[in-house]
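Here is how the chains run, residue by residue.
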Amino acid sequence: MSHNTTLPTIYTLVKTHKVPVDVDIATMKLEELKVRPIVSCSGSPTERLASLATLIITPLLNFIPCHLKNIHHHLQLLRELKPTDLRGLSFYTADVCALFTNVNVERSIEYVIELATAHWHDITTFGLKPVDLHRIMEVVLRNSYFTFNGRLYQQIYGAFIGCSVSPPCAIITVYMLERNSIYTDPFYINSPLRKLYVRYVDDSGGLARNEQEAITNCRIISDKDEDGRIKWEVEYPKKGEYVAFLDTEVKVGTDGNISTRYYRKPQNKGITLSYQSHHEHPTKCAVAKNYYRTATEVSSGPAELQHSFKILDGVLRQNGYPNPRAFQEKEKKKQHTAALTTLCLPYTTDYDSNQIRNYARSIKIPVKLVFTPGKTLKQMLCSSRPLDKPGCLMSNPDRCEICPLIENGVCSRQGTVYQITCIVCDMEVRYQGETDRPLHHRIKEHLRAARNPPTYPNNSLGQHYAKQHPNVPPKVKIRILDSKRSTVKRKMSEAICIHKQKPQLNDKSELDSIVRYIAQ
């Protein structure tokens with residue numbers, strides 16, 4: 001289990017693709033909006049266990065015959081089909097309604113363990129046994145507690161959307177229903193699905209002779225769900241029309257030939273990296289080139305390619321790109337060089353970036369320069385956890401030993417560079433440090449060291465009280481100097497503070513150790 005954690009919290013995302021094209025979402029009532037509940041498990045007590053379980057069971061998806069890795073895998077399977085095998089058939093799509101929240105957690109765990117046991121020697125298990133994985137999955141999926149507006153709730157059915165182990169669990173659960181239905185021999189041998197049936201999480205696609213057969217295929221899968229909660233929405237194309245699947249539109253002609261082209265939902269706002277954004281020009285070029293490269297790969301012929309390009313021309317013009325087709329130029333072949341060390345620098349202007357690159361080439365240093373933009377307005381002003389307010393780690397500032405000592409914050413702050421000032425001394429001797437943990441825990445360690453110096457021989461504050469104030473209760477005040485979640489950036493900030501302010505209790509060896517850490 002993890003330490004210094006927070007409970008998961010819930011927020012919602014509006015399903016904009018469910019909003020009619022001619023309706024302004026701002027005019028809709030709250031009860032009319034369809035939303036997707038997301039439970040943010042970042043920093044939760046079970047986050048690391050969930051990550052371990054995800055590492056173990058994700059490779060099991062390779063043993064699911066209908067599982068799609070990406071859109072290119074889908075196109076590859078389509079293009080391997082012969083026209084003679086497709087005559088009289090149509091490609092249809094189906095979507096599982098609210099898959100994550102309708103999964104039976106207990107049965108899902110049993111399905112995962114069953115598939116994992118069958119392929120236990122084909123996956124990396126980190127020395128665990130199936131019974132160990134079973135216990136981990138139970139801890140992660142059954143402790144479905146979350147907070148909202150300061151109150152504690154529990155999700156009594158389904159898996160969290162936001163927990164890393166939920167997607168592979170849901171995929172495996174639906175596969176076990178498929179395995180016991182459409183993959184059974186009598187049905188599978190006589191069904192067009194033996195030629196093509198694919199699924200990407202909750203979106204599936206297959207072949208059928210008519211709409212009723214497509215609906216029957218999905219109903220057969222649903223009937224294997226003992227809880228009766230797995231339901232499908234089927235979209236079957238009219239004669240001669242395309243049907244949308246992921247980022248493509250697919251059509252099977254009367255002659256059996258398959259046509260594919262790029263697709264975007266009508267409700268899609270067409271928002272992408274703006275040409276006016278604070279990014280390098282090569283980054284913007286790469287975004288446009290990747291769009292056109294994808295459109296070229298998914299388009300089956302010249303007419304389909306022009307349709308795909310027309311969509312992308314509109315998207316890029318909407319985002320300020322002048323003459324979008326200019327970005328279709330072929331990329332220059334890059335020369336293969338020895339492995340380089342990546343050096344990330346803040347982006348200012350294209351001129352500055354080019355000057356730095358040219359200088360790096362001139363002195364032949366083995367680094368790959370990457371220029372990253374600063375924080376966006378969205379990152380600075382928006383939060384997925386807007387109702388979370390920093391407070392006392394003990395939930396009671398009046399009884400907390402640490403909160404009254406902090407001048408400019410609360411004891412629950414994490415990733416801080418802090419300063420401790422001894423107010424027993426006439427000169428107010430200072431010490432500066434950093435911690436990734438909540439400030440409460442780190443300051444408590446310093447106070448314990450000051451009260452009992454022999455127990456902490458390497459603690460600077462403890463040694464100060466041992467020499468200058470023996471048997472005197474510690475009296476200090478705390479100030480937060482900086483806050484950085486990145487360990488390297490936090491240590492750099494600490495080194496700069498120590499170098500500039502030269503606190504009396506920090507020695508040169510501490511600064512040297514910080515420099516060595518950063519250099520690594």
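Residues numbered from 1 in each chain as written. Predicted model: local features only at pLDDT ≥ 70, side-chain atom pairs only at ≥ 80, totals over all residues. Heavy atoms only, no water.

Undergrad: Please clarify how the overall build of the protein chain should be interpreted in this entry.
TA: When you go through the protein chain residue by residue, the secondary structure sums to 17 helices and 16 strands. In terms of overall dimensions, the protein chain has C-alpha extents of about 95 × 60 × 55 Å along its principal axes. A fraction of 70% describes how many contacts in the protein chain between residues 6 or more apart in sequence connect residues 24 or more apart. A total of about 30200 Å² of accessible surface is found on the protein chain, and carbon and sulfur atoms cover 52% of it. With 70 positive and 52 negative side-chain charges, the protein chain shows a spacing of 5 Å between the two charge centroids. (Helix = DSSP H or I, 4+ residues; strand = E, 2+ residues; numbered from the N terminus. Contact = heavy atoms within 4.5 Å. Areas by Shrake-Rupley, 256 points an atom, 1.4 Å probe, with all protein chains shown as cover. Lys, Arg positive; Asp, Glu negative; His and termini not counted. Charge placed at Lys NZ, Arg CZ, Asp CG, Glu CD.)

Undergrad: Just checking my understanding: could you explain the pairing of strand β6 (residues 197-200) for this structure?
TA: The side chains of a regular strand alternate, first on one face of the sheet and then on the other. Bridge analysis of β6 against strand β7 (residues 203-208) gives 4 bridges, and the strand direction is antiparallel. Within the sheet, the bridge partner assigned to Val-198 lies in β7 and is Gly-205. What sits between β6 and β7 in their antiparallel hairpin is a turn of 2 residues, with Val-201 showing a positive phi close to 60°. (Pairing = 2+ DSSP bridges.)

Undergrad: Explain the sheet that holds strand β16 (residues 476-483) to me, please; I cannot follow it from the model alone.
TA: Adjacent strands of a sheet pair through backbone hydrogen bonds, lying either parallel or antiparallel. Strands sit in the order β15-β14-β16 across an open sheet of 3 strands; the sheet is antiparallel. Two strands bound the open sheet, and with one partner strand each, they are β15 (429-435) and β16. The average undirected angle you get between the axes of adjacent strands in this sheet is 25°. Here helix α14 (residues 439-451) sits on the sheet in contact with β14 (416-422), β15 and β16, set at roughly 30° to β14. Here helix α15 (residues 460-468) sits on the sheet and contacts β14, β15 and β16; the angle it forms with β14, its principal contact strand, is near 5°. (Axes fitted to C-alpha atoms, helices over the stretch in contact; angles between N-to-C directions.)

Undergrad: Please explain helix α9 (residues 211-223) as it appears in this structure.
TA: Two residues of an α-helix separated by three or four positions point the same way, owing to the 3.6 residues in each turn. The terminal C-alpha atoms of α9, which comprises 13 residues, lie 18 Å apart, in line with the 18 Å expected from a rise of 1.5 Å per residue. Taken residue by residue, α9 has Glu-213, Ala-214, Asn-217, Cys-218, Ile-220, Ile-221 and Ser-222 as its buried positions. Of the surrounding elements, those touching the buried residues of α9 are β3 (90-96), α7 (166-179), α8 (185-190), β6, β7 and β8 (232-235). If you check the start of α9, you find a side-chain oxygen 3.3 Å away from the backbone N of Gln-212, and it comes from Asn-210. (Expected span 1.5 Å × (residues − 1). Buried < 20%, exposed > 50% of the residue type's maximum accessible area, 1.4 Å probe, protein only. Polar contact = N/O pair within 3.5 Å; in protein donor to acceptor, adjacent residues only side chain to side chain.)

Undergrad: Teacher, can you tell me more about the sheet that holds β7 here?
TA: The 4 strands are arranged β6-β7-β3-β8 in an open sheet whose pairing can be described as antiparallel. Edge strands, defined here as strands with exactly one partner in the open sheet, are β6 and β8. Strand-to-strand, the axes of this sheet are offset by a mean angle of 25°, without reference to chain direction. As defined by bridge partners, β3 adjoins β8 across 4 bridges and the pair is classed as antiparallel. Counted as the bridge partner of Asp-95 is Glu-233 from β8. Across the sheet, α7 is in contact with β6 and β8; its angle to β6 comes to roughly 160°. Together, β3, β6, β7 and β8 form the strand contacts of α9, whose direction differs from that of β8 by roughly 165°.

Undergrad: Sorry if this is basic, but what is going on with unusual backbone geometry here?
TA: Of all residues except glycine, most have a negative phi; of all peptide bonds, most are trans. In the Ramachandran plot, Ala-98 falls in the positive-phi region, its phi being about 45° despite a non-glycine side chain. Using a relative accessible area of 44% as the deciding quantity, one classes Ala-98 as partly exposed. Phi is positive for Val-201, close to 60°, though the residue is something other than glycine. Its location among the elements puts Val-201 in the loop between β6 and β7. Val-201 sits in the buried class, given a relative accessible area of 17%.

Undergrad: Sorry if this is basic, but what is going on with the packing of aromatic side chains here?
TA: We describe a pair of aromatic rings using the distance from one ring centre to the other and the angle between the two ring planes. Applying the stated rule across the entire model yields 6 aromatic pairs. Pairing Phe-91 with Phe-245 gives two aromatic rings, centres 5.8 Å apart and planes at 75°, and the pair type is edge-to-face. Of the two residues, Phe-91 sits in strand β3 while Phe-245 sits in strand β9 (residues 243-245), which places them 154 residues apart along the sequence. Exposure remark for Phe-245: the relative accessible area of 2% places this residue in the buried category. An aromatic cluster is present here, built from Phe-146, Tyr-153 and Phe-160 joined pairwise through their rings. Arg-261 extends its terminal NZ or CZ atom over the ring of Tyr-242, reaching a point 3.8 Å from the ring centre. The ring of Tyr-275 has Lys-284 lying over it, and the distance from NZ or CZ to the ring centre is 5.5 Å. (Phe/Tyr/Trp six-rings, centres within 6.5 Å; stacked < 30°, edge-to-face > 60°. Lys NZ or Arg CZ within 6 Å of the ring centre and 35° of its normal.)

Undergrad: Can you help me understand the pattern of salt bridges in this one?
TA: Note that side chains of opposite charge can pair when their charged atoms are close. Applying the stated criterion to the full structure yields 22 salt bridges. Between Glu-226 and Arg-107 there is a salt bridge, with the nearest N and O atoms lying 3.3 Å from each other. Of the two residues, Glu-226 sits in the loop between α9 and β8 while Arg-107 sits in helix α5 (residues 105-118), which places them 119 residues apart along the sequence. With a relative accessible area of 22%, Arg-107 lands in the partly exposed category. (Salt bridge = Lys/Arg side-chain N within 4 Å of Asp/Glu carboxyl O.)

Undergrad: How should I be thinking about the environment of Thr-294 in this particular structure?
TA: Note on placement: Thr-294 falls in helix α10 (residues 281-298). The class for Thr-294 is partly exposed, based on a relative accessible area of 27%. C-alpha of Thr-294 to C-alpha of His-72: the two residues are 222 residues apart in sequence and 9.2 Å apart in space. Polar contacts involving the side chain of Thr-294 include one to the main-chain carbonyl oxygen of Asn-290, which spans 2.9 Å.

Undergrad: What am I meant to see in helix α1 (residues 47-57) here?
TA: All buried positions along α1 are accounted for by Leu-49, Ala-50, Ala-53, Thr-54, Ile-56 and Ile-57. Buried residues in α1, looked at end-on, bunch into an arc of 165°, giving them a common side. Away from its buried face by more than 90 degrees, α1 exposes Arg-48 and Leu-55. For α1, the elements touching its buried residues are α5, α6 (130-142) and α7. (Arc of directions from axis to C-beta.)

Undergrad: Can you help me understand a positive patch on the surface in this one?
TA: A cluster of basic side chains, namely Lys-18, Lys-34, Arg-36 and Lys-265, defines a positive patch on the protein surface. Position of Lys-18 among the secondary structure elements: in the loop between β1 (9-14) and β2 (35-40). (Patch = residues over 30% accessible without salt bridge, like charges linked within 9 Å, V, L, I, M, F, W, Y side chains within 5 Å.)

Undergrad: Can you walk me through the side chain of Lys-491 in this structure?
TA: For Lys-491, the position within the fold is in helix α16 (residues 487-501). A distance of 2.9 Å separates the side chain of Lys-491 from the side chain of Glu-434, its partner in a polar contact.

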